[in-house]
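# Structural overview
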Amino acid sequence: MSKLWQCIVGPALYRIHAVRGTQTEGRDYSPNAMENGGDQFVRWIRLCYTISCWTSPFLLTFLYRRSYFTPEGAVSLFELFGTIVIFFYGSKAVRGWGRLRNREYRAFLATLENARENYAKPDRKRALREYDFEFFAWPADFRWSDVRDDVDKPKIELPRSTSRSASTIRTLPCQVISYVMAHTFGRRMVYPGTTGLVSALMSSMLLEGRGKLIEEYRGDRAKLIARDANEIDTMFVDRRANGDENGRTLVITCEGNSGFYEVGCMVTPLDAGYSVLGWNHPGFGGSSGVPFPDQEQNAIDVVVQYAIHKLGFEVADIVIFAWSIGGYTASWAGMNYPGLKYIILDATFDDLLPLAVARMPQSWGSLVARTIRTYMNLNVAEQLIRYPGPVSLVRRSRDEMITTVADEVPDPATNRGNDLLTKLLRHRYPCLLCDDTAPALAQWLTGGAHARAQLLAEYPVDDDVCASTFASYVDENGRAFPTRVGEDFDVDTKTKFVLFLASKYMQDFESTHCTPLPVRFFREPWNV
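Please read all numbers here as calculations on a predicted model, not as lab measurements.

### Concerning the environment of Leu 353
Inspection of the secondary structure assignment puts Leu 353 in helix H13 (residues 352-358). Taking C-alpha positions, Leu 353 is 45 Å from Gly 38, a pair spaced 315 residues apart along the chain. Leave out the neighbours within four places in its chain, and Leu 353 touches Val 368, Ala 369, Ile 372 and Arg 373.

Next comes the structure, spelled out in structure tokens:
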């Protein structure tokens, strides 16, 4: 009976990976008819439950009109609910019996039990990694508390919005509405990858992508336990044995709001020959939790700690590469780990609020602002300016997601990547990017090739002179930001230096938001 119970409550098995060093090929797990039939019933009941939660206001109205809230109707409703429960657990029991009769599942279950008994043994861990199964059953590979120094390490956080504490009777209704918005459709609009629908649509692609990373790239999957007890799903591809320079650098990728490491931006640094560590946001893929800012911060923090203390990389050998909304966790990591080698931000915005306001009804403006600032304050620029290392921004000229005007042809002038660059340069070079030179930078960012040609004709930039000027300043004053370079320049000279900086800090990619980034854009940023 104990084996049957283990099969009933055990994880779903998806794939048996190819055994490394042998000719064995990976294959998908084949459930028998009983397991497959029971599993289909369980999935359908769970899907119906999810749909009923989303449509609960309409469902409750329907039940009320059909008199199900009367004593007689309540009895019928209770009988219906009881029948569904019996079918659900009966289906799980049938599924478990089918698993018990399947030799492959029993072998997997024995391997899982052996690993849980002593996961520290390399042979047991290696045997378990031959299987792909539901991540909740995966033993923990690393915990945030494993590093004694990190337990007491204070984390740098920006001041929180005061709207959460400024509670009065008059503002209470708005606060309640903001809370409901953030915890229902708001969070799902910002991070659609957490929804059951996206997970269902992506499940086969995620399984295929994970199999490719493990079997072709020799990746290692691991579970990290964050400070808030969330389980973070990660994948590490080690290239250090290759002997080249790129392999000794670790790239930690931060995905977008519907991105997963299985099918996301890991491919770009992998194609460039780097060691890569991918992870899924809380609530994405195998990761538990919900992607609110606090949980996002704890997730990226434990990922960096894992890279340093378990994988053995120095902070100076770690690069953060982020796409879209992943810029929030990337900039937080830069703020808290200033010794990172560099950061590359692809299709990233400066602040979520302008994008959220642009996509909601105009009459909701103040409510959206309150909700974002209180619960989803993804202020990338404020965090990025606190990172002192090299930064490269990639702007997509036809980006339809991080623009504030949703036309058929996106307007580069409304791309929030422009604002991210402007805020970064204003902080780092306040004497160069000032009110007198800001119009030239705006023209550079929003105009096309013709506008840039006119600017360069009016303000010819000598790259060698600019680079040597910055080098001399660093030799005399150090690398700390903000700098005072250019405080004695005239306006024309300042403008030339600003255009030089814009060309060094930002790359233009002729593309829409979701196109994979070509390897040619993944290069080490210019360093003062």
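### Details of the layout of surface pockets
In this structure, the largest pocket occupies an estimated 1,800 Å³ of space. Elements represented by at least two residues in the lining of the largest pocket include exactly helix H1 (2-9), helix H2 (33-54), helix H4 (71-100), strand S3 (131-133), helix H8 (172-190) and helix H9 (196-215). Counting residues per element, the lining of the largest pocket draws most heavily on H9, at 10 residues. Among the residues making up the lining of the largest pocket, the classes are represented as 18 nonpolar, 14 polar and 14 charged. Of the voids in this model, the second largest pocket is the one considered here, and its volume is about 610 Å³. As for the second largest pocket, its lining consists of 17 residues, of which Tyr 49, Ser 52, Leu 59, Phe 81 and Ile 84 are closest to the centre. The set of elements that each furnish at least two residues to the lining of the second largest pocket consists of H2, helix H3 (56-65) and H4. When the residues that make up the lining of the second largest pocket are grouped by side-chain class, the tally is 15 nonpolar, 1 polar and 1 charged.

### Digging into the packing of aromatic side chains
Counting across every chain of the model gives 25 aromatic pairs. Here the aromatic rings of Phe 500 and Trp 526 are separated by 5.4 Å at their centres, their planes lie at 90 degrees, and the arrangement is edge-to-face. One end of the pair, Phe 500, is in helix H20 (residues 491-505); the other, Trp 526, is in the segment after strand S12 (506-509), and 26 residues separate them in sequence. Clustering of aromatic rings is evident, with ring pairs tying together Tyr 429, Phe 470, Phe 481, Phe 489, Phe 497, Phe 500, Tyr 505 and Trp 526. Taking the ring centre of Tyr 119 as reference, the NZ or CZ of Lys 125 above it sits at 4.8 Å. The ring of Trp 444 has Arg 452 lying over it, and the distance from NZ or CZ to the ring centre is 4.2 Å.

Here is what the cut-offs are and how they apply
- Residues numbered from 1 in each chain as written.
- Predicted model: local features only at pLDDT ≥ 70, side-chain atom pairs only at ≥ 80, totals over all residues.
- Heavy atoms only, no water.
- Helix = DSSP H or I, 4+ residues; strand = E, 2+ residues; numbered from the N terminus.
- Contact = heavy atoms within 4.5 Å.
- 1 Å grid on protein atoms, 1.4 Å probe; cavity = no way out; pocket = protein on both sides within 12 Å on 5 of 7 lines; lining within 4 Å.
- Points joined across faces, edges and corners; volume = space filled by probe spheres on them.
- Nonpolar A, V, L, I, M, F, W, Y, C, P; charged D, E, K, R; others polar.
- Phe/Tyr/Trp six-rings, centres within 6.5 Å; stacked < 30°, edge-to-face > 60°.
- Lys NZ or Arg CZ within 6 Å of the ring centre and 35° of its normal.

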